[in-house]
Amino acid sequence: MQRYKRTWGELAFDIGNSLFMISILCVMIYPFLYIFNYSISNIAYVSGNPMLLPKGINFEAYKVAFSEPDILHGLFISVSRTLLGPLLMIAVTASAGYVVSRGDLMGGKWIRKYFFFTMYFSGGIIPSYMVVKGLHLTGTFLVYIIPSAIAVFNMILIKTYMEGLPRELEESAVIDGANDLQLFAKVMFPLSLPVIAAVTLFSTIGQWNAFGDTQLYNSMNQDLFPLQYILYNALQSISSSSLPDAQADARMAMITPHTLKMAMTMITVMPILFVYPLLQRFFIKGLLIGSIKG
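Keep in mind the model is a prediction, meaning the values are calculated, not measured.

Criteria and cut-off values
Residues numbered from 1 in each chain as written. Predicted model: local features only at pLDDT ≥ 70, side-chain atom pairs only at ≥ 80, totals over all residues. Heavy atoms only, no water. Helix = DSSP H or I, 4+ residues; strand = E, 2+ residues; numbered from the N terminus. Buried < 20%, exposed > 50% of the residue type's maximum accessible area, 1.4 Å probe, protein only. Salt bridge = Lys/Arg side-chain N within 4 Å of Asp/Glu carboxyl O. 1 Å grid on protein atoms, 1.4 Å probe; cavity = no way out; pocket = protein on both sides within 12 Å on 5 of 7 lines; lining within 4 Å. Points joined across faces, edges and corners; volume = space filled by probe spheres on them. Nonpolar A, V, L, I, M, F, W, Y, C, P; charged D, E, K, R; others polar. Patch = residues over 30% accessible without salt bridge, like charges linked within 9 Å, V, L, I, M, F, W, Y side chains within 5 Å. Areas by Shrake-Rupley, 256 points an atom, 1.4 Å probe, with all protein chains shown as cover. Phe/Tyr/Trp six-rings, centres within 6.5 Å; stacked < 30°, edge-to-face > 60°. Lys NZ or Arg CZ within 6 Å of the ring centre and 35° of its normal. Axes fitted to C-alpha atoms, helices over the stretch in contact; angles between N-to-C directions. Parallel < 35°, antiparallel > 145°, perpendicular 65-115°, else oblique. Contact = heavy atoms within 4.5 Å. Polar contact = N/O pair within 3.5 Å; in protein donor to acceptor, adjacent residues only side chain to side chain. pLDDT = per-residue confidence, 0-100. Core = buried A, V, L, I, M, F, W, Y, C linked by side-chain atoms within 4.5 Å.

In terms of regular secondary structure, the protein chain is built from 13 helices and zero strands. Expressed as a percentage of the 294 residues in the protein chain, the buried residues total 35%.

This is how it looks when you write it as structure tokens:
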């Protein structure tokens, strides 16, 4: 068997492409690496120069951050909405995706068009606020959960995935006496776990990073501030008024407010970095909708 020999042009292209991708990777990784190194460095040795390694080891910023009650309570709110929000979203969105995927749905064509319309047109911020306020959700924890219960884009992904599943599985379940609820819960939903994992990842990241809804609906209720909103307030000013005790502790521990912000940024980023690798293989499979299935 003759071995294929690459030409000099192909070899040069591969080397150039590899160097280009490595440079892109470095550009993406370095900001995160700089924040991490800055957050654990001794402030006496930190200068404005780039840091590839921490200069001295100092975890005082993390100790101050986790000793601040506002940050711990914000972490609790963020974790709560990140766990409950995707669960409700999956329950509602997967059910809706199953229903609109049925070819025999009465008025299904117009129902699908109604959902698609909402992807491109919305009432805007003021009408949305009026609706939420009319439902008495402002100033409550439920405002983080209920408005995000249906996501049309996620529903379309689930609908498209379910439409690609073999119809023979449904027919065999119906012959065995399964009704629509049993067909969805015991057949369609388990077979759709790859796309379910993908949309769950979308929702989880969205809930964890969200702070705009806090600005709109819960800005006057400090007990419902998530961690991201506390970080947002802290980043607005060097002397953030939301962290007076932590700022005083920071000065006593020979760290700066800037170091404290770096530590808070790492605290908000790390959970997603741990969750994403666990769902990555399902995420990739769930997005390959329309591929040939064996």
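And the narrative resumes.
Attention now goes to the pattern of salt bridges. Two side chains bearing opposite charge may form a pair once their charged atoms approach each other closely. Applying the stated criterion across every chain, the model contains four salt bridges. Between Glu170 and Arg102 there is a salt bridge; the shortest N-O distance is 2.4 Å. Of this pair, Glu170 sits in helix H7 (residues 167-175) while Arg102 sits in the loop between helix H3 (69-100) and helix H4 (108-120); the two residues are 68 residues apart in sequence, bridging distant segments of the chain. With respect to class, Glu170 is no different from Arg102; both count as buried. Across the pair Lys159 and Glu163 runs a salt bridge, and its minimum N-O distance is 3.0 Å. Taken together, the residues span about one helical turn, with Lys159 and Glu163 both in helix H6 (residues 152-163) at a distance of four residues. Counted as one network, the salt bridges with shared partners bring together Arg102, Arg167 and Glu170.

Here we come to the layout of surface pockets. Put simply, the largest pocket is a space of about 840 Å³. If you trace the largest pocket, you find 29 residues lining it, with Ile146, Pro147, Ser148, Ile150 and Ala151 closest to the centre. For the lining of the largest pocket, the secondary structure elements donating two or more residues are H3, H4, helix H5 (125-134), H6, helix H9 (193-209) and helix H10 (212-217). Residue composition of the lining of the largest pocket, grouped by class: 18 nonpolar, nine polar and two charged.

Right, let's talk about a nonpolar patch on the surface for a bit. On the surface, a cluster of nonpolar side chains totalling about 610 Å² of accessible area is made up of Phe20, Met21, Ile24, Leu25, Met28 and Ile29. Position of Met28 among the secondary structure elements: in helix H1 (residues 8-39).

To continue, consider the packing of aromatic side chains. Summed over all chains, the structure comprises eleven aromatic pairs. Taken together, a centroid distance of 5.8 Å and an interplanar angle of 65° make the contact between Tyr114 and Phe115 edge-to-face. An aromatic cluster of at least three residues, connected via ring pairs, comprises Tyr30, Tyr34 and Tyr38. Here the guanidinium or amino end of Arg81 rests over the ring plane of Tyr144, the centre of that ring lying 4.1 Å away.

Contact geometry of H6 with H9 gives a least axis separation of 10 Å together with a crossing angle of 170°. As far as their axial angle goes, H9 and H6 are roughly antiparallel. Taking contact as the criterion, the partners of Phe153, Asn154, Leu157, Ile158 and Tyr161 in H6 are, on H9, Pro194, Val195, Ile196, Val199 and Phe202. Of the residues that constitute the contact of H6 with H9, the class distribution is nine nonpolar, one polar and no charged.

Relative to the helices and strands, Ser41 resides in the loop between H1 and helix H2 (60-67). From its side chain, Ser41 meets the backbone oxygen of Asn37 in a polar contact 2.4 Å long.

Now for unusual backbone geometry. Excluding glycine, most residues fall at negative phi; most peptide bonds, likewise, are trans. For His136, which is not glycine, the phi dihedral falls at a positive 60°. Here His136 is to be found in the loop between H5 and H6.

Looking at the protein chain, pLDDT values average 80 and 84% of them are 70 or higher. Confidence drops under pLDDT 50 across residues 238-243; counting only partners more than four residues distant or on other chains, this segment forms 14 contacts. For residues 290-294, every residue scores under 50 in pLDDT, and the model assigns this stretch two contacts once sequence neighbours within four places are set aside.

What follows covers the side chain of Glu170. Overall, the relative accessible area of 7% leaves Glu170 in the buried class. Side chain to side chain, Glu170 and Arg102 meet in a polar contact 2.4 Å long. Ignoring anything within four residues of it in the chain, the contact list for Glu170 reads Arg102, Leu183 and Met188.

Here we take up the nonpolar core. One finds Tyr62, Ala65, Ile71 and Met264 to be the most contacted residues of the largest nonpolar core, which totals 19 residues. Top element by residues in this core is helix H13 (residues 257-287). It accounts for six residues. The next biggest cluster of nonpolar side chains, apart from the first, holds 17 residues, and it includes Met89, Tyr98, Leu165 and Val199.

For any two helices packed against each other, one specifies the crossing angle of their axes together with the interaxial distance. Viewed as axis vectors pointing N to C, H3 and helix H8 (residues 180-191) meet at an angle of 105°, and their least axial separation amounts to 11 Å. Relative to H8, the element H3 lies roughly perpendicular. Two secondary-structure elements touch here, H3 through Ile90, Ala94, Ser95 and Tyr98 and H8 through Asp180, Leu183, Phe184, Met188 and Phe189. When the residues that make up the contact of H3 with H8 are grouped by side-chain class, the tally is seven nonpolar, one polar and one charged.

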